[in-house]
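# Residue-level structure breakdown
Take a look at the letters that make up each chain.
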Amino acid sequence: MLHTPHPPTPRLRARSRRRLRAVALLASAVSVCLVAASAPPTPLGVGDRLFPQLGNPGYDVAAYDLSFTYSGSNNEPLKAVTTIEARTTADLDRINLDFAHGKVDSVEVDGDPAGFATAGEDLVVTPEDALDEGDWTRITVRHSSDPVYSEDRQGGWVRTADGLAMANQADVAHLVFPCNDHPSDKARFTFHITAPDGLTAVANGLPTRVDRTDGSTTWTYRSPHPMATELAQVSIGRSTVLHRAGPHGLPVRDVVPSEHRAALEPWLEKTPGQITWMEQKVGRYPFETYGLLMADATTGFELETQTLTLFERELFTEPAYPKWYVESIMVHELAHSWFGNSVSPATWSDLWLNEGHATWYEALYAEETADKTVAARMKAAYGASDRWRTAGGPPAAPKPPKNGSKTGIFRANVYDGAALVLYALRQEIGRPAFERVERAWVARNQDGTATTADFVRLASETSGRDLGGFFRAWLYGAKTPPMPGHPDWKQNPVEKAAGKQPAKASRNTHGE
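Residues numbered from 1 in each chain as written. Predicted model: local features only at pLDDT ≥ 70, side-chain atom pairs only at ≥ 80, totals over all residues. Heavy atoms only, no water.

It is worth spelling out the overall build of the protein at this point. Along the protein, the regular secondary structure elements total 13 helices and 21 strands. Sequence separation of 24 or more characterises 72% of the internal contacts of the protein that already satisfy a separation of 6 or more. When the accessible area of the protein is evaluated, it comes to approximately 20,100 Å², of which 54% is carbon and sulfur surface. (Helix = DSSP H or I, 4+ residues; strand = E, 2+ residues; numbered from the N terminus. Contact = heavy atoms within 4.5 Å. Areas by Shrake-Rupley, 256 points an atom, 1.4 Å probe, with all protein chains shown as cover.)

Below you can see the structure in the form of C-alpha cells.
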C-alpha cells in the first residue's frame, strides 16, 4: 500500500515560512544562496562502515512506485518511471538519490520541474523550492533502465533465456532505478510492468490489477510490507505462474519457465511443508505470499528477494546435487523471509544476522530431515573459523570487500562462521532460552531493521544474564573462543570441508 501523499496546504505553508524567513534576512540569504548555487553536486552516503557512500541522508522513503516498459528484447533499455514518496529529516536544498546506470530524461519534485546532475553514483536533484525538515515530498524520475552492463559493474537486471529477473544484493538496485539504496531505509513498493503479449510479468507482493491494451499487458503488484531496495524483484518472460495453498491459507505462487513446469513441480510442492517447518521454529510467516522464481540464467547464487525468491533453474534439474542439499538451500532462502527480509540489517556489518540465521536453519533442516547433524557441521566450521576470521574478519566486523566488489562481503565468516556463533549461544544458554530468543527477535523487529547490539541485548534479557562478554569474543574476536560444552574442538591447521557449504557460499560468484 502506498503511503498517503502529503496534503498540499501544509506543504505550501512550509514553503511560505521559508520565503518569509528569506525576506526578513535578505542580504544573508542571498549570500547563502549564491554559495549554494556555486557548489558542485556531491555524492553522499549514510556512513555505512563497509560502504560509506551507499544510501543518502536527509530523508526517509515511505514508498516507491516503479513503472517499467519492456520492449520484448533483454538487450534493450526499458522505459521507466520511478516515483518516490519521502519525508525529509533535515532541511534540504538538494536531494541525493542513488542511480548509476541509465539515462535520466526529467525529474519533478511535487509536480514542478527540478534540476538534476550526476555525482559519482548519485543523481543529485535540485528542487524549485528547498524542502524543510518534516516535509512530505514526491520525486518523479523518468529514465531508462538498462539490462546490459560492463564487465566490471554487473548487477541489477539478470538476463534470462527468455527475459529478465532482478538480483540487487548488495548494492545494485540503483543500477535499475533511482532509490535510497541501503537496507536501513525500507519502504513499500508498487510495480507496474508492461510487456508484449505472450510474456508474463511478476513482482514482489500480490497482483492488484491487469490491464490489456493493443499488443501488450500491464501487471500491477503491491506489497503492504516495507522492503529494502536490495530485495526488489521483477520477472519478465515466457513463464507459468503456479498457485497452491500454504499453511493457514497463505497464497504460494511459483514462477517457472513454461517448458520446465513438469520437471520442477516435485520440488515446488515441498514449499508449503517447509514454511510449516519454519513456522514451528520461529513463528508465523511474516508476509502476504511466498514463492520461488526459477530463472533460466547462470548466476552462481540464489537470492531471497522478498516474497519471490530467485533460484537458478539448474539447481533443481542438475542431477549432481543431492536431494537433501537442494531442499536445505530452499529452506536457507525461505528462512531469510524472517531473517533479512522482515528483520533487515541496519548496516551491512549486521549481515551475519541474515546469513548466520539462514545457514543455521538450513543446517537444522538437514539434521531433522536427512540425518546431517548440526554438531558435525559446526565442529567442521569451528576448525576453519580462525582462517575465516583472518581472511574476512570476525562475523560482526567483516573486512571491506576488495577491488570495489561490494558483494565480496558474502564470505564464509558470515555463513557457517556466523551460524557457529548461534550454535555457541545455544550451548551457552540452553536450547529453551535460545529458541525464545529466536522467536522474540522476529516478533519484536517485524517489518523493521535491527543491529547486532539489539540482538545482544535481547539475548541477555531473555537468558537473564549479561552476555556482552560472550558476544564480544564470538562476534568481534580475531580468534575463535572455546566452544561451550566442547572443550575438545580445535582449529584445523589445514582447511577441510565443513559439510556442504551454505546456499550462497557454496555456489556464489560474489566472492573475491
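This paragraph deals with helix α11 (residues 452-463). For α11, with 12 residues, the first-to-last C-alpha span of 17 Å sits near the 16 Å given by 1.5 Å per residue. Among the residues of α11, those classed as buried are Thr 452, Phe 455, Val 456, Leu 458, Ala 459 and Ser 460. In the core, the buried residues of α11 are packed alongside α7 (351-370), α9 (416-429), α10 (431-444) and α12 (468-476). The N-cap of α11, judged by a side-chain oxygen 3.3 Å from the amide nitrogen of Ala 453 a few residues on, is Thr 451. Trailing α11 by a residue or two, Gly 464 shows a phi angle of about 75 degrees, which is positive. (Expected span 1.5 Å × (residues − 1). Buried < 20%, exposed > 50% of the residue type's maximum accessible area, 1.4 Å probe, protein only. Polar contact = N/O pair within 3.5 Å; in protein donor to acceptor, adjacent residues only side chain to side chain.)

Within the secondary structure, Ser 337 sits in the loop between α6 (323-335) and β20 (343-345). Look at Ser 337 and you get buried, because its relative accessible area is 2%. Excluding residues within four positions of it along the chain, Ser 337 makes contact with Tyr 285, Pro 286, Phe 287, Tyr 290 and Ser 342.

Consider a sheet: its strands pair through backbone hydrogen bonds, and that pairing is either parallel or antiparallel. An order of β5-β4-β8-β2-β1-β11-β14-β13 is seen for the eight strands of this open sheet, with the pairing classed as mixed. With one partner strand each, in any of the chains shown, β5 (112-113) and β13 (206-213) form the two edges of the open sheet. Here seven bridges tie β13 to strand β14 (residues 216-222), and the two strands are oriented antiparallel to one another. Each residue of the ladder has a partner; that of Asp 211, found in β14, is Thr 218. (Pairing = 2+ DSSP bridges.)

Evaluated as defined, the whole model comprises 15 salt bridges. A salt bridge links Glu 85 to Arg 138; the nearest nitrogen and oxygen atoms lie 2.8 Å apart. Residue Glu 85 is located in strand β2 (residues 78-88), and its partner Arg 138 is located in strand β8 (residues 136-145); the two are separated by 53 residues in the primary sequence. Between Arg 377 and Glu 362 there is a salt bridge, with the nearest N and O atoms lying 3.2 Å from each other. Linking Arg 377 in helix α8 (residues 374-392) with Glu 362 in helix α7, this pair joins segments that are 15 residues apart in sequence. For Arg 377, a relative accessible area of 9% gives the class buried. For Glu 362, a relative accessible area of 1% puts it in the buried group. Sharing partners across several salt bridges, the network here consists of Arg 244, Asp 254 and Glu 265. (Salt bridge = Lys/Arg side-chain N within 4 Å of Asp/Glu carboxyl O.)

Attention shifts here to α9. Spanning 14 residues, α9 covers 20 Å between terminal C-alpha atoms, matching the ideal 20 Å at 1.5 Å per step. Of all 14 residues making up α9, 12 are buried, and the element is well covered by its neighbours. Every buried residue belonging to α9 is among Asp 416, Gly 417, Ala 418, Ala 419, Leu 420, Val 421, Leu 422, Tyr 423, Ala 424, Leu 425, Arg 426 and Ile 429, and all of these are buried. Lining the buried residues of α9 we find α7, α8, α10, α11 and α12. Downstream of α9 by one or two residues, Gly 430 has phi in the positive range, about 90 degrees.

In this structure, Met 278, Phe 316, Trp 352, Tyr 361, Trp 441, Phe 455 and Phe 471 are the most contacted members of the largest nonpolar core, which totals 70 residues. Examining the composition of this core, we find that nine residues originate from one element, α9, more than from any other. For Tyr 361, the residues in contact, after removing those within four places along its chain, are Trp 277, Met 278, Lys 281, Val 282, Val 331, Ala 335, Phe 339 and Glu 438. Ranked by size, the runner-up nonpolar core spans 61 residues in total, among them Leu 78, Leu 164, Ala 165 and Ala 201. (Core = buried A, V, L, I, M, F, W, Y, C linked by side-chain atoms within 4.5 Å.)

On the basis of which strands lie adjacent, the open sheet formed by three strands has the order β3-β7-β6 and antiparallel pairing. Strands with a single pairing partner mark the edges of an open sheet, and in this sheet they are β3 (95-98) and β6 (115-119). Across this sheet, the average inter-strand angle for adjacent strands is 25 degrees, counted without regard to direction. (Axes fitted to C-alpha atoms, helices over the stretch in contact; angles between N-to-C directions.)

Turning our eyes to something else, we now look at the pairing of strand β15 (residues 234-237). By the alternation rule, side chains of β15 split into Val 234 and Ile 236 and Ser 235 and Gly 237, which are all buried. As defined by bridge partners, strand β12 (residues 200-203) adjoins β15 across four bridges and the pair is classed as antiparallel. Residue pairing for β15: Ala 201 is matched across the bridge by Ile 236.

Moving on, we get to the packing of aromatic side chains. Across all of its chains, the model carries 25 aromatic pairs by this definition. The interplanar angle of 90 degrees and the centroid separation of 5.0 Å between the aromatic rings of Trp 277 and Tyr 365 together place this pair among those described as edge-to-face. Here Trp 277, found in helix α4 (residues 271-282), pairs with Tyr 365, found in helix α7; they are 88 residues apart in sequence, far enough to count as distant. Both residues of the pair, Trp 277 and Tyr 365, belong to the buried class. Judged by centre distance (5.1 Å) and plane angle (85 degrees), the ring pair of Trp 441 and Phe 455 falls under edge-to-face. On the criterion of sequence distance, the pair formed by Trp 441 in helix α10 and Phe 455 in helix α11 is long-range, its members being 14 residues apart. For the residue pair Trp 441 and Phe 455, the accessibility class agrees, reading buried in each case. Counting every residue linked through ring pairs, the aromatic cluster contains Trp 352, Trp 360, Tyr 382, Tyr 423, Phe 434, Trp 441, Phe 455, Phe 470, Phe 471, Trp 474 and Trp 489. (Phe/Tyr/Trp six-rings, centres within 6.5 Å; stacked < 30°, edge-to-face > 60°.)

Any link to function would need more than the numbers given here.
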